[in-house]
Structures are given as C-alpha cells and as structure tokens.
Amino acid sequence: MMRQYELVERVSGYKKNPDEALLNKAYVYAMRKHGEQTRASGDPYFSHPLEVAAILTELKLDEETIAVALLHDTIEDTDATRKEIDEVFGGKIGRLVEGLTKLKRLDLVSKKAEQAENLRRLLLAISDDIRVLLVKLADRLHNMRTLDHVKVHKRGRIATETMEIYAPLAGRMGMQDLRDELELLAFKYINPQAYATVTGHLEELAEKNRDLIEQISKDLTKRLAKEKITAKVASRQKKPYSVFRKMESKALSFEQLSDIFGFRVIVDTVEDCYRTLGFVHTNWAMVPGRFKDFISTPKQNGYQSIHTTVVGPSRQRAELQIRTLEMHEVAEFGVAAHALYKEGKKRGGQSLSENTAYASLRKTIEQLAEGDNPEEFLEHTKLELFLDQVFCFTPKGRIIALPTGATPIDFAYAVHTDIGNSCVGCKLNGKIMPVITQLQNGDEVDIIRSDAQTPPSAWESVVVTGKARSAIRRASRQAIRTQYAGLGTRILERAFERAGKSFSQESLESALPRLARENAADALADVGKGEITSQDVLKAVFPEFQEERAVQTAPPREDGWFGLRSAAGMVFRIPGSRSKPKVKRVNKSGGTIPIRGVKSDLPVKFSPQGGAVPGDRIVGILEPGQGITIYPIQSSVLAKYDNEPERWLDVRWDIEEDNHERFPARIEVLATNEPGTLATIAEVIANNDGNIQNLVMNVPVEDFTEMGIEIDVWDLSHLTRIIKQLKAKSVTSKVERIID
Ligand code: MN
C-alpha cells in the first residue's frame, strides 16, 4: 500500500509546493474511517481509495481532487458525515465527496433501473463539478482492475455499464488511456472468448513482427535526425477491443486488419510535425484518403495530431501519428492536461490552480457536450444521450428519457399510451403549464388526465416522438370513425323505425355487398358521414321497400305555433304563447342523440346564426361529410331543410355538472343614449359571469342606442338571468335574445 509520504511525493512531482497538510489530513482521515474494513479481495478497504488517488496523480490532478479521491467512499461506507467532512476539510471538499456518494448510491440501485438514469446523474455531476466525474472514472477503473474479486453474477452488469457509459465518457473527455483500459477490462468480462482470441492473435503478431517494427522505428528516427528533427518513434500497440469492434462493424477478418503497423512520432514543435509529414510523404508512397490534419482542425475534445498512412520500405503499410509532446499529453490525459497547459504554463509552471483551472475544465466539457461534429459523436452512439435527450421524472420518481424538444404530451405517451390519450394538462415541477412546453432536464412531470379526452389531431405536429405521433393519429382517426359510426347507428335506428322495420347489426351485415362496404363499421361510419343515406340502407336490407318521401310540414299556424316534423316523425311545437310546448317523442331516451358540447364524442358543431345553449330545445341537421349542426328549434334557418326529412335528427342536451364549455348566444339591447350606458350594461354582464365576445352599436333614434351583443354563457338559465338583470336597469328599454 502506498505510504503517506509517497503520495505527497507523487503530487510534488508535478506540482510545486502542493498543499501537503491537506493530503496528509485526507490520508489519515480516510485510513482511520475505513479502519478494519476489507475489500472483497481481502485487502484493507483503504487500499481502494488510495489506488484511486494514485490513478489521479497520473493525470496530474490537484491536491483537492486527490483528497476527494481518498475520501470518496467515506460518507457511504463509514460513519463519516457530510457535516464532519465540511468541518474538517471545508464545504468545497464536502460537496464533492457528497457528489460521489450520490453516484455510488446510484450504482447500488441501478440493477433494474435503466442505464439512462445513470447517464443523467452523470450529466448532472458533470455540470456540477468535473472533479466528481474524474474521481468517479478513476474509481471505476480501479474497480474494473479488481473485478475478479467481485461475485461472478455481478461482473457482467458492471462490465457492461463500464463499456457503455464510463469508457465512452472518458473518450469524450479526451482521456484516451483511461478509455482504452476501461474498454479492455470490460471487453474481457463481457466477451471472454473474443477477448482471448483477439489478444492471442495480437501477441503472436507482435512477436512475429517485432524485428521489422524495431527496424522501421530506428530507420525513421535516423532519417529524421538527418533532417535535423528530433523525434521519438514508438510502435503503437493495437487495442484488442478496437480491433474486435472493427472486425465486427466492418466485417473484416483479423488478417485484413493486422497488416498495418502503427507508429507514433513525437517531435518538439508544430513546425517539426509538418516537416516530418513532408519528409514521410516524399520518401514513401502515401495511401490516399488516410491523411488527416487534426493540428489545424482539432477534434472537439481537443485532440491534436497528424494522421497518415504510407507504404513503408518493405511494402508494408504503416499508420503514423505525428504530434508534439504537449499534444500527446492532451491525447492521453484529456481535460486534465488541458487545464495543466492552459493554466499552468501561463502562470509560470504553476500547475492546476483551483477555480480558474476548473472553470476551464468546465468550459471544455461544455464544448464537448455542445459540439456539433456528428462524426465524432456517432462513433459511440450511447453518448448521443448526453446531447439529444432530456431526462424527466414521473411524480413517483421513474425516469423517462425523451428526445430534446419533447413536450409533456410526448412524456405522457412515453409512460403509457392510455395516459397520452387521456392527457388534458400537466404540472411541471408542481406548476400548471401548457402541454406544449419544451421539457428540460430534471423536470418532474405530472400529467392531468380525463377519460372524456380524445387527443386533438393538432398535437400531431407538436410532439417529437414517433410513439406519440402515431398514437395521436390512431386515436383521433379512431375517435372520428367511432363518432361517425355512432351517429350512423342512430340515424339508421330512426329511419328503420319510421319505415316500421327493426334495425339490427345482422340485417346490416347481410346487406353489405349491396352497399359495397367491407364491414358494418365502415357502413355505419359512412351513414354517419352522409355518404350513404338511410334510404339506401333500407333498400339494401329490404329490396322491396318503397321510399316514403311525403313528409308533411305544417305551415305556421294562426295561434303562433308551427310544427316541424323530424325524420323520426317527431313534431316540435314552438310556442308563441305561454303554453308549454308539446313534444311528442317517438321513444323516450334511446331515440335521441346526446349532445355534450362541441368537444363531445360526436361530430358536432353549432349553428353560427344564433347558437343554441344548453336548456334550449334543439334539433340536429346532418351535414354530409361534416356531422351534425345543432339549431335551436326557433331558428328560421331550419325551414330550408323541410324537404329533406332524412337529415333531421332528434337530439338532446347531455351536459355534465362539471362542464367547462361555454356556448355563444346573441342578445339585442335597446338602451338610452347617455354617458355610462355601455358601462352599465357591460358591468351587469360581467357581474353575472357572462363573457362578452363581440359588441356592435348603432344609433337608430337620437335618444336610443341599439346594441348587438355576443356573449358566452353556460346555459339557458344563465342567459335568462343576464337578460333579466339587464332589463332591470333603468337605461335599458328592450332586451331580447336573437335567434336567426
Ligand atoms: Mn470507490
């Protein structure tokens, strides 16, 4: 186990005047806290945080990060508390250790949870403090190195998580070495056979080519020296996992991949990089399409190097990476090295200084996360999650991953199709918000549902997920079809009754060929839409049936009543006197179509010329292809349908107690033309919860103003109340409802 002084020496090796007291204090504190605890291997537990700290010294991280590494398991696994760590080490270190504790707890619960949950936590950790992530990666690396001691059934999950989350994350941060090792270890556990085969092949190959590689290296070094370029040439070991991945993704054999040797040429200056390139290209044949200049155009994660492939002296291909030492360190240590160079060099060799150094790290990570180079990104698709997704919670804490730009509607459908279909509103983080709001990372989404809801088809263009879109399309299509089929059924029941026949599903089925429809549901929907008339169906079911079109419509009578005969033979009587209208119903409730408002389960709209409000006696007129239009029976417009009895439908109101829909009505007011009149009228309407939609004024006589007012009301009694209140005012001389 590394001694206390050894750790301090390591840090002093790359940092002048490190905070030795902090390192010593953290070492002693963690060692004491973990005490007699042991790891699965039987080693003292403290060896683990110490190894994690050691890994981070290789990345040349500052004392605070090293201290956090030493303390990273204390809150979770010992009696140490955040409060105590705050007291001993200060709040900053306390916060970082707590961040790691959170990540660790997550490892423990994540067995069944989706990987995305981990990803999101990681993302949050990144935006909180990059050091938490660096320690976490080192922690994971040490755990992977010692995975043999973990129970067999746990290894697979840990290895897979490492492969899918931690290794790509290290790669994104430019920490190539760390990534390679994580991948290698994970590969070994995930696919032991492939691992053994590939590493075996690679060892054989290295053995076979050792002399050749050595010769090429020496030759190149010597030739470059002649050009006055100091270069360190090293052969590059192929990484078993990347070989395996290429074999898989490009369907290449090992032999096809193994004829290329890799070399890294490290020179002093950028100028030397290009001079080396020029020399190599003039002496050996360059393989087209393989040259890449990441010096003038660095990768998103800051990687800089020149890549080229040439055909070497003995006709074998050689892949060359040409770079300076600084570039090399950035490639190996990623964000850590960035901070080292950017901050350290400017400050005369002084290494990682606190806030500024990490501000720069944060910046780098932000650039990584926001970069738009898709190539780099798609290479490890799992990491798309960082950019393209938002993670939101259900009220019970389940996490739902959605694409960026997703709305609460998408969220509802992601949870369950039924929830999407019944979604009428939402709360975001406890606040009622529009369902089209764009979701943000970490939002808690509570969907408000109603069973009466059918998703509006306009949502189709609002949502971003395919699941939501297709469900909305299906639901609204289905809803419309159901509406029309329901209407069709009622129309047919009525028409058959009038003809003295009884309507049944079976009789309709038998007539389908004559109606040229595939099934009864289609036929019913088409009747509802007005594409087939009820007479057509009658004739199809009863071929001998004679159409009766002679419907008598009584002219207005002298006593002020006039009668309308509906398709079902029902007579409406509209009183001109106080007597109650006598309404003859064909059958009591089953015969009429319930109207629940415009947003009902039927294709309904209201007559624009003085609409009906609940409480009014109403009649429905079937508009081919558009559903039913509802008219108050007083409406004079109805007369024009007198000769089309099959279009008349018996309807009744079926408004629920908790109805939230208002209905438009029109009134005409004759009022005295004096100051304040309009205000008085508006006040009466407002005080009675009426909602003025429109108001037209004209002055017919000098002292009077005539006003046409459109108001939205709940029902007839509401409208009547408003009219009564208006009449009671001294400024009004006439108030009446208008129905055209
Ligand atoms: Mn640990």
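Definitions and cut-offs
Residues numbered from 1 in each chain as written. Predicted model: local features only at pLDDT ≥ 70, side-chain atom pairs only at ≥ 80, totals over all residues. Heavy atoms only, no water. Helix = DSSP H or I, 4+ residues; strand = E, 2+ residues; numbered from the N terminus. Contact = heavy atoms within 4.5 Å. Patch = residues over 30% accessible without salt bridge, like charges linked within 9 Å, V, L, I, M, F, W, Y side chains within 5 Å. Areas by Shrake-Rupley, 256 points an atom, 1.4 Å probe, with all protein chains shown as cover. Salt bridge = Lys/Arg side-chain N within 4 Å of Asp/Glu carboxyl O. Core = buried A, V, L, I, M, F, W, Y, C linked by side-chain atoms within 4.5 Å. Buried < 20%, exposed > 50% of the residue type's maximum accessible area, 1.4 Å probe, protein only. Phe/Tyr/Trp six-rings, centres within 6.5 Å; stacked < 30°, edge-to-face > 60°. Donors = N, O, S within 2.8 Å, 3.2 Å for Na, K, Ca; no water. Pairing = 2+ DSSP bridges. Axes fitted to C-alpha atoms, helices over the stretch in contact; angles between N-to-C directions. Parallel < 35°, antiparallel > 145°, perpendicular 65-115°, else oblique. Left-handed = near helix turned anticlockwise from the far one by under 90°. Nonpolar A, V, L, I, M, F, W, Y, C, P; charged D, E, K, R; others polar. pLDDT = per-residue confidence, 0-100. Polar contact = N/O pair within 3.5 Å; in protein donor to acceptor, adjacent residues only side chain to side chain. Arc of directions from axis to C-beta.

Engineer: Any chance you could explain the environment of glutamate 710 here in plain terms?
Structural biologist: Tracing the sequence through the fold places glutamate 710 in strand β21 (residues 704-713). With 46 residues separating them in the primary sequence, glutamate 710 and proline 664 have C-alpha atoms 6.7 Å apart. In this structure, glutamate 710 is in contact with Ala665, Arg666, Asn691, Ile692, Gln693 and Asn694, ignoring residues within four places of it in sequence.

Engineer: Before we go on, may I ask you to explain a nonpolar patch on the surface in this structure?
Structural biologist: On the surface, a cluster of nonpolar side chains totalling about 240 Å² of accessible area is made up of Val424, Ile432 and Ile448. Here isoleucine 432 lies in strand β10 (residues 431-433).

Engineer: Where do I start with the nonpolar core in this structure?
Structural biologist: A general feature of soluble globular proteins is that nonpolar side chains tend to end up buried together. Leu56, Leu70, Ile93 and Met144 are the most contacted members of the largest nonpolar core, which totals 69 residues. Formed by 53 residues, the second largest nonpolar core is a distinct cluster that contains Leu508, Ala520, Ala540 and Val613.

Engineer: How do you make sense of unusual backbone geometry when you look at a structure like this?
Structural biologist: Leave glycine aside and you will find that most residues have negative phi; peptide bonds, for their part, are mostly trans. The backbone phi angle of asparagine 17 is positive, close to 45°, even though this residue is not glycine. By the element assignment, asparagine 17 lies in the loop between α1 (4-14) and α2 (20-34). Unusually for a residue other than glycine, lysine 228 sits at a positive phi of about 65°. Structurally, lysine 228 is set in the loop between α12 (192-226) and β1 (231-236). Classification of lysine 228 as exposed rests on a relative accessible area of 71%.

Engineer: What should I look at first to understand the packing of aromatic side chains in this one?
Structural biologist: Any two aromatic rings considered together are summarised by their centre-to-centre distance and by the angle between their planes. The tally for this structure, following the rule as stated, stands at 14 aromatic pairs. Between tyrosine 29 and phenylalanine 89, the aromatic rings sit 5.3 Å apart at their centres with planes inclined by 85°, giving edge-to-face as the arrangement. Remark: phenylalanine 89 occurs in helix α6 (residues 82-89) and tyrosine 29 occurs in helix α2; sequence separation between them is 60 residues. Per residue, the accessibility class of tyrosine 29 equals that of phenylalanine 89, and both read buried. Geometrically, the ring pair formed by tyrosine 631 and tyrosine 641 is tilted, given 6.3 Å between the ring centres and 50° between the ring planes. Of this pair, tyrosine 631 sits in strand β17 (residues 627-632) while tyrosine 641 sits in the loop between β17 and β18 (648-653), placing them 10 residues apart in sequence.

Engineer: Is there a simple way to explain the coordination of the manganese ion in this structure?
Structural biologist: Ideal values for angles at a metal depend on the geometry: 109.5 degrees with four tetrahedral donors, 90 or 180 degrees with six octahedral donors. Donor atoms from the polypeptide that coordinate the manganese ion comprise His48 (NE2), His72 (NE2), Asp73 (OD) and Asp139 (OD), at 2.2 to 2.4 Å from the metal. In primary sequence terms, the donor set of the manganese ion follows H-x23-H-D-x65-D. Of this pair, aspartate 73 sits in the loop between α4 (63-71) and α5 (74-77) while aspartate 139 sits in helix α9 (residues 130-145), and the two are 66 residues apart along the sequence. Residues aspartate 73 and aspartate 139 agree in their burial class; the two are buried.

Engineer: Teacher, can you tell me more about the sheet that holds β10 here?
Structural biologist: Sheet architecture is open: three strands sit in the order β10-β9-β11, paired in antiparallel fashion. The sheet is open, and its two edges are formed by β10 and β11 (445-449), each paired on a single side. Taking the axes of each pair of neighbouring strands and ignoring which way they run, one obtains an average angle of 35° across the sheet. Note that strand β9 (residues 423-428) and β11 share five bridges and pair antiparallel. Its bridge partner lying in β11, cysteine 426 is registered against isoleucine 447. Sitting on the sheet, helix α21 (residues 408-415) touches β9 and β11, and the angle it makes with β11 is about 85°.

Engineer: I keep staring at the side chain of glutamate 63 and nothing clicks. Help me out?
Structural biologist: Considering the arrangement of structural elements, one finds glutamate 63 in helix α4. Those residues within four positions of glutamate 63 in sequence are excluded, and the remaining contacts are Val11, Lys15, Pro18, Asp19, Leu22 and Leu23.

Engineer: What am I meant to see in the pattern of salt bridges here?
Structural biologist: Between side chains of opposite charge, a pair can form when the charged atoms approach closely. Across all of its chains, the model carries 26 salt bridges by this definition. Across the salt bridge formed by aspartate 180 and lysine 239, the nearest N and O atoms sit 4.0 Å from each other. Note that aspartate 180 is positioned in helix α11 (residues 176-190) and lysine 239 in the loop between β1 and α13 (240-249), a separation of 59 residues in sequence. With a closest N to O distance of 3.3 Å, arginine 223 and aspartate 219 form a salt bridge. One end of the pair, arginine 223, and the other, aspartate 219, are both in helix α12, four residues apart, so they sit about a helical turn from each other. Judged by relative accessible area, aspartate 219 falls into the partly exposed class, the value being 24%. Among the ionic contacts, a cluster of salt bridges with common partners joins Lys33, Asp79 and Glu84.

Engineer: Explain the packing of helix α3 (residues 47-58) against α4 here, please?
Structural biologist: Describing two packed helices takes the angle between their axes plus the distance from one axis to the other. The geometry of α3 relative to α4 is characterised by a closest axis approach of 7 Å and an angle of 155° between their N-to-C directions. The pairing of α3 with α4 is recorded here as roughly antiparallel in orientation. Relative to α4, the crossing made by α3 is right-handed. Here Pro49, Leu50, Val52, Ala53, Leu56 and Thr57 of α3 come into contact with α4, specifically with Thr65, Ile66, Ala69 and Leu70.

Engineer: Help me understand the packing of α1 against α4, please; the structure alone is not making it clear to me.
Structural biologist: Look at α1 against α4: their axes get within 11 Å of each other, and the N-to-C directions meet at 150°. Taken as axis vectors, α1 and α4 run roughly antiparallel relative to one another. As for how α1 packs across α4, the hand of that crossing is right-handed. Taken together, the residues of α4 that come into contact with α1 (itself represented by Leu7, Val11 and Tyr14) are Glu63, Ile66 and Leu70. For the contact of α1 with α4, the residue count by class is five nonpolar, no polar and one charged.

Engineer: Which parts of the structure should I look at to understand the confidence of the model for the protein chain?
Structural biologist: Summing up the model confidence of the protein chain, the mean pLDDT is 78 and the portion of residues at 70 or higher is 79%. Counted against residues more than four places away or in other chains, residues 341-387, with its pLDDT under 50, gives 95 contacts. When the criterion is pLDDT under 50, residues 550-590 qualifies, and its contacts beyond four places in sequence or with other chains add up to 71 contacts.

Engineer: Whenever I open this one, the side chain of glutamate 623 confuses me. Can you help?
Structural biologist: Relative to the assigned elements, glutamate 623 resides in strand β16 (residues 618-623). Polar contacts involving the side chain of glutamate 623 include one to the side chain of threonine 629, which spans 3.3 Å. Leaving out residues up to four positions away in the same chain, glutamate 623 has contacts with Lys529, Thr629, Tyr631, Tyr641 and Arg647.

Engineer: Got a minute to help me understand α1 in this structure?
Structural biologist: Side chains of residues three or four places apart in an α-helix project in the same direction, reflecting 3.6 residues per turn. When we look at burial in α1, the residues that qualify are Leu7, Val8, Val11 and Tyr14. Projected down its long axis, α1 shows its buried positions confined to an angular sector of 135°, all on one face. Exposed side chains of α1 directed beyond 90 degrees from the buried face belong to Glu9 and Gly13. In this structure, the buried residues of α1 make contact with α2, α3 and α4.

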